[in-house]
Amino acid sequence: MAILLRPASWGLFSWRGYCSRGTQGRLSAGFVEALKAVVGSPHVSTAAVVREQHGHDESMHRCQPPDAVVWPQNVEQVSRLAALCYGQGVPIIPFGTGTGLEGGVCAVQGGVCINLTRMDRILELNPEDFSVMVEPGVTRKALNTHLRDSGLWFPVDPGADASLCGMAATGASGTNSVRYGTMRDNVLNLEVVLPSGQRLHTAGPGRRFRKSAAGYNLTGLFVGSEGTLGLITAATLRLHPVPEATVAATCAFPTVQAAVDSTVHILQAAVPVARIEFLDEVMMDACNRHSKLNCCVAPTLFLEFHGSEQALAEQVQRTEEIIRHNGGSHFSWAKEAEERSRLWAARHNAWYASLALRPGCKGYSTDVCVPISRLPEILVQTKEDLEAWRLTGTIVGHVGDGNFHCILLVDPEDPEELLRVQAFAEQLGRRALALHGTCTGEHGIGLGKRQLLPEEVGAVGMETMRQIKATLDPQGLMNPGKAACHQQSSRVAFCRAKAPPWCATPTPSAWQLVGAQRMAISPQFFIRRSSKHAGELKEQIHRSLKIEQ
C-alpha cells in the first residue's frame, strides 16, 4: 500500500472555478482497494467530478479536492477508515453538507475525504430528558421535522440546512442564539473517532446529563475543533419546548446607531427576546427585491418573541417603548405562522439577496463578534470603511450576541478589488480584537482567519492548542492546514523562481500568492486600476505583506 503524497499549496481569495490539479498526491491502487474493502466498492470514488465536489464549501476559497471520497455507513467503518489512513500517513478530511464559509473542507494536502452524510439516523430520543442522539448525516431541518409531534425542537439555526455534527464541529450558531445559545450550549455529549481509530465518548458512553464537574470538558474541546482532532460520529443534543405563542416584528430606524442602541436597551431591560437581527439599508433593499418584501429601506431590526400570550403582550409593549424612544418607526407585526415564515425566510436568504445586487460576482462574509456595548461603535465604523474602501457590501447580523456579518460582493476577475476585500476583512477582524471581541463568532477559523487566531489567543494559547493537537493527532493528518494546526506563516509571500518545495511552480508570466492568501495575478496588479486609492493600497500592502525575494 505504498503511497506517494505531495504537500499542496493553499490560499484565500481564489475561486472555486479554479480547482487545483496536480498538487495533491496519488493514492496507490492497493490503498484504494483497501478503502473499498472497508465500505464496499459503491461507496468509494476517485472520479474527478466527485473529488471536486468535495474540495470546496460555500466560501470563496479555491477548490482543493481530496484524492478519494468514501461514504461509511456506520461508526465501525469510520473507525476502520481512520486507522487505515492514519497507519499509511494519509490525510483525513471529514465532510458533512459542505455549507461552511471558511474553506474547512478543502483538502490542502490531498488525502481521503470521509463523507458522513449516509449515516443519517436519529438514534435515541428522550423527551422527558429534553435530549436526542443523532448521527452526523442528520440535518437540523430533518431533526425538527422528526420532533414535530413531540412538543420539542432544536433551535440553533445557522441558516443553511447544515448537518448537526458539522454544526458542532464548527461551533455554529444562528438567529435564535440570543435566547437559546449556540452549539456550545446545546451539545451534551459527542461520540468521536480519533485519528487512531479509537472511539471516544466525550461525556462517557450513553450519558446525557445537564451538568457535570467530572474531569476536563472534553465535549467543549471538540465543539469548534473543525475536524482537526477527530471525526464526530454522533451527537447528543439538548432540546427545548416549542413555545406556546410566537410573534415577529420589523421596525425601521433613522440611523445604524439608533437600531443598535435599541438592541442594547432591549437586552438591558431583560426582555427575553428570542431573535433580534439587524439589517442595514443596503441589505433591506436587497431583501425587498429578492424576497418580495415591502419593508422600509432603512436600518432595520427583525425581532421575534416566544412565550405565553400574556408574556408576549408584556414583551411587545416594553420593546415598542424602547424602540420609539430611539426613533424607531414603521412597525410591522407578524402573528400568523405563514407570515412569520416569510419574514424569516427573507432573513435566511440574505446571502442570495446580496449576491443578486451584483450578478456575476462572488460573496465573502466577515464574522466578527464584539461585546454588545461596543457594537454601535464597530458597526458605524464598518459602514464608513465600506465607503472608504469603495466596496459593495451589506451588513446583517445577530446583534443580540454582538455578532454581525458584512457580505462583500467581489468581482473574481478584478485582483485589485480582491486585495481591497482582503485588506478590509483583516482590518475589521483586528478592529474587533481591539474592542475585546473575536474574529469569528460562528463560521470558524478554517483557512480564512488563521492569521488572526494568534493575535486573538496569544502565543501561549496557540502553543497550548498545538500541544493538544500533537497529543491527539501526532502525525498532523486530521484536516491539516486548518485553524490552530497550521504551522506555516500565514503571511502572503510571492512565489518566484526559487520556490519552496511545497509551492506549485510559477509560470513566467505571473506570480502566485501562496500561503494563507493565494491568488494568480500579474506583477502589475498594484497599478492595473487607476484610482485615488491605488497609492494607498500599494503602500498598505507593502507594509503588511512579507515579500519573498
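Just so it is clear, the structure is predicted and the values come from calculations on it, not from any experiment. The residue numbers shown here count from 1 along each chain, following its written sequence. This being a predicted model, a pLDDT of at least 70 is required before a residue's local features are given, and a value of 80 or more before pairs of side-chain atoms are given or counted; all residues contribute to the totals for chains, interfaces and linings. Each side-chain value is derived from all of the structure's non-hydrogen atoms; neither hydrogens nor water enter the calculation.

Chemist: Sorry if this is basic, but what is going on with the overall build of the protein chain here?
Modeler: In this description a helix means any DSSP run of H or I spanning at least four residues, a strand means any run of E spanning at least two, and both kinds are numbered starting from the N terminus. Secondary structure assignment for the protein chain yields 17 helices and 21 strands. Only protein chains enter the accessibility calculation, which uses a 1.4 Å probe. A residue is then buried if its area is under 20% of the maximum for its type, exposed if over 50%, and partly exposed in between. Put simply, the protein chain has 549 residues, and 58% of those count as buried. Restricting to contacts in the protein chain with at least 6 residues of sequence separation, those with at least 24 account for 71%. The Shrake-Rupley method, run with a 1.4 Å probe sphere, supplies the accessible areas, and residue values consider only the shown protein chains as cover. Counting every atom, the protein chain has about 22500 Å² of accessible surface; 52% of that belongs to carbon and sulfur. For this analysis, residues touch if any pair of their heavy atoms sits within 4.5 Å.

Chemist: Help me understand the layout of surface pockets in this model?
Modeler: The method is simple in principle: a probe with the dimensions of a water molecule rolls over the atoms, and the space it marks as empty is what remains. In this analysis, the protein atoms alone were mapped onto a 1 Å grid. Cavities are point sets where a 1.4 Å probe fits without being able to get out; pockets are open sets with protein on both sides within 12 Å along at least five of seven lines; lining residues have an atom within 4 Å of a point. Grid points are joined across faces, edges and corners, and a volume is the space filled by probe spheres set on the points. Space inside the second largest pocket adds up to approximately 660 Å³. In terms of lining residues, the second largest pocket is bounded by 31 residues, among which R184, G224, S225, E226 and M465 are the most central. For this classification, the nonpolar set comprises Ala, Val, Leu, Ile, Met, Phe, Trp, Tyr, Cys and Pro, the charged set comprises Asp, Glu, Lys and Arg, and every other residue, Gly included, is treated as polar. Classifying every residue of the lining of the second largest pocket by side-chain character gives 12 nonpolar, 13 polar and 6 charged.

Chemist: Looking at this model, I keep getting lost on the confidence of the model for the protein chain. Mind explaining?
Modeler: Caution is warranted with low-pLDDT regions, since their predicted coordinates should not be read in detail. Summarising the model, the protein chain shows a mean pLDDT of 85, and 84% of its residues fall at 70 or more. For residues 544–549, every residue scores under 50 in pLDDT, and the model assigns this stretch 12 contacts once sequence neighbours within four places are set aside. Known as pLDDT, the predictor's confidence for each residue is given on a scale from 0 to 100.

Chemist: Explain the pattern of salt bridges here, please?
Modeler: If charged atoms from side chains of opposite charge come close, those side chains can pair. Salt bridges, as used here, are contacts in which a Lys or Arg side-chain nitrogen is within 4 Å of a carboxyl oxygen on Asp or Glu. Inspection of every chain in the model, using the stated rule, returns 23 salt bridges. The partner of R208 in a salt bridge is E124, and the shortest N-O contact between them spans 3.2 Å. Here R208 is found in the loop between β9 (199–201) and α8 (218–222), whereas its partner E124 is found in strand β5 (residues 122–126), with 84 residues between them in sequence.

Chemist: Sorry, what's going on with the nonpolar core here?
Modeler: Nonpolar side chains in soluble globular proteins tend to be buried together. By nonpolar core we mean a set of buried residues, namely Ala, Val, Leu, Ile, Met, Phe, Trp, Tyr and Cys, connected to one another through side-chain atoms within 4.5 Å. One finds L301, I378 and L379 to be the most contacted residues of the largest nonpolar core, which totals 44 residues. The element contributing the most residues to this core is helix α15 (residues 415–434), with 7 residues. When neighbours within four sequence positions are excluded, L301 is seen to be in contact with A249, T250, C251, F253, A259, S262, T263, I276, E277, F278 and V399. In terms of nonpolar packing, the next biggest core, distinct from the first, is built from 27 residues, C165, A168, A169 and A235 among them.

Chemist: What am I meant to see in the pairing of strand β13 (residues 273–279) here?
Modeler: In regular strands, side chains alternate between the two faces of the sheet. Counting buried positions along β13 gives 7 out of 7 residues, so the element sits mostly inside the fold. Each pair of strands is called paired provided DSSP finds at least two bridges between the two strands. One ladder, built from 6 bridges, connects β13 with strand β14 (residues 300–307); its direction is antiparallel. Across the sheet, E277 pairs through a bridge with F302, a residue of β14. Pairing of β13 with strand β17 (residues 392–398), which is carried by 2 bridges, proceeds in the antiparallel orientation. Looking across to β17, one finds that L279 is bridged to V396.

Chemist: I tried to follow the environment of V223 on my own but got confused; where do I start?
Modeler: Inspection of the secondary structure puts V223 in the loop between α8 and β10 (231–238). Residue V223 is classed as buried on the basis of its relative accessible area of 3%. With 54 residues separating them along the chain, V223 and A169 place their C-alpha atoms 5.1 Å apart. Every residue in contact with V223, bar those within four places of it in the chain, is listed here: A168, G171, M183, R184, V187 and L190.

Chemist: Is there a simple way to think about the environment of V39 in this case?
Modeler: Within the secondary structure, V39 is located in helix α1 (residues 29–39). We classify V39 as buried; its relative accessible area is 5%.

Chemist: What am I meant to see in empty space enclosed by the protein here?
Modeler: Per the counting criterion, the structure on display carries 3 cavities of 30 Å³ or more. If you add up the space inside the second largest cavity, you get close to 40 Å³. Lining the second largest cavity, in full, are E124, N126, S131, V132, M133, G206, R207, R208 and T236. For the lining of the second largest cavity, the secondary structure elements donating two or more residues are β5 and β6 (131–134). Here the lining of the second largest cavity takes 3 residues from β6, the largest share from any one element. The class makeup of the residues in the lining of the second largest cavity is 2 nonpolar, 4 polar and 3 charged.

Chemist: Mind showing me how you'd approach the sheet that holds strand β16 (residues 362–365) here?
Modeler: For sheets, the rule is that strands pair by backbone hydrogen bonds, running either parallel or antiparallel. One open sheet holds the 7 strands; their spatial order is β15-β12-β14-β13-β17-β18-β16, and the pairing between them is antiparallel. Each end of this open sheet is capped by a strand with a single partner; those strands are β15 (329–334) and β16. Each strand axis lies, on average, 15 degrees off the axis of its neighbour in the sheet, ignoring direction. Both strand β12 (residues 245–252) and β15 contribute to a ladder of 4 bridges, which runs antiparallel. When the sheet's bridge partners are listed, T250 is paired in β15 with S332. Axis geometry follows a simple rule: fit a line to the C-alpha atoms, using only the stretch in contact for helices, then measure angles between N-to-C directions, giving values from 0 to 180 degrees. Against the sheet, helix α9 (residues 256–268) contacts β13 and β14, and its axis sits at roughly 165 degrees relative to β13.

Chemist: Sorry, what's going on with the packing of aromatic side chains here?
Modeler: Aromatic ring pairs: the centre-centre distance and the angle between the two ring planes describe each pair. Here a pair means two rings of Phe, Tyr or Trp (six-membered ring of Trp) with centres within 6.5 Å. Their orientation is stacked below 30 degrees between planes, edge-to-face above 60, and tilted elsewhere. This structure, assessed with the given rule, holds 4 aromatic pairs. Seen in terms of ring centroids, F302 and W344 are 5.9 Å apart; in terms of plane orientation they differ by 80 degrees. Their pairing is edge-to-face. With a gap of 42 residues between them, F302 in strand β14 and W344 in helix α12 (residues 337–348) connect regions that are remote in the sequence. Considered together, F302 and W344 belong to a single accessibility category, that of buried residues. Where F305 meets W333, the ring centres are 6.5 Å apart and the plane angle is 40 degrees; that geometry is what we call tilted. Of the two residues, F305 is situated in strand β14 and W333 in strand β15; the sequence distance between them amounts to 28 residues. The exposure class assigned to F305 is buried, which follows from its relative accessible area of 0%. Relative accessible area serves as the criterion here: at 26%, W333 is assigned to the partly exposed category. Grouped by ring-pair contacts, the aromatic residues F305, F331 and W333 constitute a single cluster.

Chemist: What's the story with the sheet that holds strand β3 (residues 92–95) in this structure? I'm lost.
Modeler: Ordered by their spatial adjacency, 4 strands build an open sheet running β1-β2-β4-β3, and the pairing between neighbours is mixed. Whereas interior strands pair on both sides, the edge strands pair on one side only; in this sheet they are β1 (44–45) and β3. Here 4 bridges tie β3 to strand β4 (residues 112–115), and the two strands are oriented parallel to one another. Looking across to β4, one finds that I93 is bridged to C113. Against the sheet, helix α3 (residues 75–87) touches β2 (68–70), β3 and β4, its axis set at about 150 degrees to β3.

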